[in-house]
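One letter stands for each residue in the lines below.
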Amino acid sequence: MNSTKKWLIITAILFNFVSIGVNIYYIVNWFKYKASSVFYLIWYFITIACCIAVIVLLSMAIWRNGKLFRSRYGYYMTALVISIIVNLLSVSSVLLIISMFVSDWVWITPKKDDSKVEIDEKTVVIKNKEEEIARLRKLKDEGKISEEEFQERLMKLL
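Position numbers for residues start from 1 in each chain and track the written sequence from start to end. Selection of residues for local features in this predicted model requires a pLDDT of at least 70, selection of side-chain atom pairs for listing and counting requires 80 or more, and totals for whole chains, interfaces and linings are taken over all residues. Processing note: side-chain calculations cover all non-hydrogen atoms of the structure and skip hydrogens and water entirely.

Student: Sorry, what's going on with the packing of helix H5 (residues 129-141) against helix H6 (residues 147-157) here?
Tutor: When two helices pack together, you describe them by how their axes are tilted relative to each other and by the distance separating the axes. Closest axis-to-axis distance for the H5/H6 pair is 10 Å, and the angle between their directions is 175 degrees. The orientation of H5 with respect to H6, classified from their angle, is roughly antiparallel. Across the interface between the two elements, Lys129, Glu132, Ile133, Leu136, Arg137, Leu139 and Lys140 of H5 pack against Glu147, Phe150, Arg153, Leu154 and Leu157 of H6. Counted by class, the contact of H5 with H6 contains 6 nonpolar, no polar and 6 charged residues. Each axis is a line fitted through C-alpha atoms, and for a helix only the stretch in contact is used; angles between axes span 0 to 180 degrees, taken between their N-to-C directions. Secondary structure elements follow DSSP: runs of H or I no shorter than four residues count as helices, runs of E no shorter than two count as strands, and numbering proceeds from the N terminus. For this classification, under 35 degrees means roughly parallel, over 145 means roughly antiparallel, 65 to 115 means roughly perpendicular, and everything else is oblique. Whether two residues touch is decided by their heavy atoms; if any such pair falls within 4.5 Å, the residues are in contact. The classification used treats Ala, Val, Leu, Ile, Met, Phe, Trp, Tyr, Cys and Pro as nonpolar, Asp, Glu, Lys and Arg as charged, and all other residues, Gly among them, as polar.

As structure tokens, then:
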């Protein structure tokens, strides 16, 4: 998962916590002053429930550092829809809409070393053996490595 998308989602989760706090404040004020109708009280409770649902769904979508994001994309989209339905102009909804247009692909760039291309921390792809042997022979012919070092690297490769 792309780190930009991940941090947008995490920020949206944090703003949902803030929204829960604000709605709790409104509920306390409703009981304190009773200035508005009961509809607003019910709406605040519904908003809190929806914010909790969005937090849970987004947390499940980016679980394990986003490695399962592709298989749990439905959780992300459900949280996005709930957030938009409850409050389209909230900071959380805006962040989720922005994150929807950010790619979740991680681009791989090759390292400077000719023999390896890192894909991730655990997997390393080595060029085919013929090219590597030809490169070692060229280094030996140019005198950059000794015969013993050539044999040693050749044995490691095979």
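Student: Teacher, can you tell me more about a nonpolar patch on the surface here?
Tutor: Put simply, a patch holds well-exposed residues, over 30% relative accessible area, that have no salt bridge, with like charges counted together within 9 Å and Val, Leu, Ile, Met, Phe, Trp or Tyr side chains within 5 Å. Shrake-Rupley sampling with a 1.4 Å probe provides the accessible areas, and residues are treated as covered by the protein chains on show and by no other component. Salt bridge, as applied in this entry: a Lys or Arg side-chain nitrogen positioned within 4 Å of an Asp or Glu carboxyl oxygen. Residues Phe15, Val18, Val22, Tyr25, Tyr26 and Val91 make up a contiguous nonpolar surface patch of about 540 Å² in total accessible area. The biggest single contributor to the nonpolar patch is helix H1 (residues 3-33), with 5 residues. Residue Val91 is classed as partly exposed on the basis of its relative accessible area, which comes to 44%. A 1.4 Å probe rolled over the protein chains alone gives each residue an accessible area, and that area as a share of the maximum for its type sets the label: buried under 20%, exposed over 50%, partly exposed in between.

Student: Help me understand the side chain of Ser93 in this model?
Tutor: With respect to the helices, strands and loops of the structure, Ser93 is situated in helix H4 (residues 91-100). Polar contact is defined as a pair of N or O atoms within 3.5 Å, subject to the rule that within protein one atom must be able to donate a hydrogen and the other to accept it, and that residues adjacent in sequence are counted only when both atoms are side-chain atoms. Polar contacts involving the side chain of Ser93 include one to the main-chain carbonyl oxygen of Asn87, which spans 2.7 Å.

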